[in-house]
Amino acid sequence: MNEAKNKGSVYDVIIAGGGLAGLCSAIVLARANKKVLLIEKKEYPHHKVCGEYISNEVLSYLSKLGFDPFIHGAAKISTLRISATNGKNYFMPLDLGGFGISRYTLDHALYQLAIQSGAKIITNTRVTDITFSNQVFTVKTNDNNTRKSKLVIGSYGKREVLDKKLGRTFIDKRSGYMAVKYHIRTDYPADEIGLDNFKGGYCGISMVEGDRYNLCYLYQRSSNPPFRSIKELEENVLYKNPNLKRIFTQSEFLFDAPEVINEISFAPKSQIENHILMCGDTSGLITPLCGNGMSMAIAASKMLTSLILESEILNKDINCESVRMKLESDYQKVWKQLFQKRLFAGRTIQHFFGHPMLTNLSLKLLHSFPVLERKIISATHGDVL
């Protein structure tokens, strides 16, 4: 699609952010012959801070979109290993299973599918403001361009300057959470995802494509952090778990520097802001220890695009306030049905991790009751799409 030919026209949908939810939405809506514009702040492909494990609940849906992770070398994962802060390991099967694939590969493949489907995608461009008036959105970007649309989907990730502009309540509350990600080569089972606890956080490891492993950890800093660098933090805190010390000292690190994100918020978020339909991490973030954020983003996109197309809001004149109100109400209702309990379960479970004594006791108790163990895992997962 040549945007110059459409200058002055109104897009059906503008998608702010090109992560999993945004790209999947662009594919579906473009294939439904809607005029779609996706605006992404970076160039594809690029690395992102992410656990890079996806539950098989979305595997069949990705196939319908035209993406087969195993053609791209994704690793099949069937076992979960969790270690206490003292390094004691507990193993449990993942009944549904999942696969590991990097965001570098996955996002780029979905980006190409979106273009092939007819979506217009602009990269290296940041959305700076979104306003709504007379049933039309006006979207401004940092290149001083302004575009209009009937709908806007917000899928720009965990936190963005735009959140502050929209007055979202979570953005001004400090969480102290930081996440750090590496890609490594190491000796580790290809079919296993590991979750190693340490004081103040936990670290995940799982295989992705190309004989590489994703190593990503979450740490909650104090208001006066005692460590002057990430390396100092790792050596003084993470290494106290012998599993992590072995991984960090006996692996080949493939990035020149780690990917880092600060002030990650797991607080509840609104799914609608000034009539913008928030999707993926922008609408709610599950704790990383659940390993299910990527699946949730894809499932949320499927649900939202289905509601948009069923509402026929894009088939009508843009002055359609009643249709918009129903769409927003339906989206919030279905979103809560699908994800609210999962997010609550994730936040609850996280309270038991990062505190050495509580973590060790919790893991020992759970391992003594396999039925409870499976229930907790299933509480953070959804049905197969």
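Above this text you will find the structure in question.
Below you will find a few notes about this structure.

The rules behind the values
Residues numbered from 1 in each chain as written. Predicted model: local features only at pLDDT ≥ 70, side-chain atom pairs only at ≥ 80, totals over all residues. Heavy atoms only, no water. Phe/Tyr/Trp six-rings, centres within 6.5 Å; stacked < 30°, edge-to-face > 60°. Helix = DSSP H or I, 4+ residues; strand = E, 2+ residues; numbered from the N terminus. Buried < 20%, exposed > 50% of the residue type's maximum accessible area, 1.4 Å probe, protein only. Lys NZ or Arg CZ within 6 Å of the ring centre and 35° of its normal.

**A closer look at the packing of aromatic side chains**
Given two aromatic rings, one states the distance between the centres and the angle between the planes to describe the pair.
Here's step 1: Scanning the model with the defined rule gives twelve aromatic pairs in all.
Here's step 2: Relative to Tyr-217, the ring of Phe-198 has its centre 6.1 Å away and its plane inclined at 85°; by these criteria the two rings are edge-to-face. Taken together, the positions of Phe-198 in strand β11 (residues 192-198) and Tyr-217 in strand β13 (residues 212-220) put the pair 19 residues apart, joining distant regions of the chain.
Here's step 3: According to the relative accessible area criterion, Phe-198 is buried, its value standing at 2%.
Here's step 4: A relative accessible area of 1% places Tyr-217 in the buried class.
Here's step 5: Ring centres 5.5 Å apart and planes at 65° place the aromatic pair Trp-335 and Phe-339 in the edge-to-face group. With Trp-335 and Phe-339 both in helix α8 (residues 321-350) and four residues apart, the pair spans about one turn of that helix. When sorted by exposure, Trp-335 lands in the same class as Phe-339, which is buried.
Here's step 6: Within the aromatic cluster, the residues linked to one another by ring pairs are Tyr-182, Phe-198, Tyr-217, Tyr-219, Tyr-239, Phe-248 and Phe-253.
Here's step 7: The ring of Tyr-90 has Lys-88 sitting right over it, with the charged end atom 5.4 Å from the ring centre.
Here's step 8: Sitting over the ring of Phe-170, Lys-269 keeps its end group 4.5 Å from the ring centre.

Everything listed is a geometric property; what it means functionally is a separate question.
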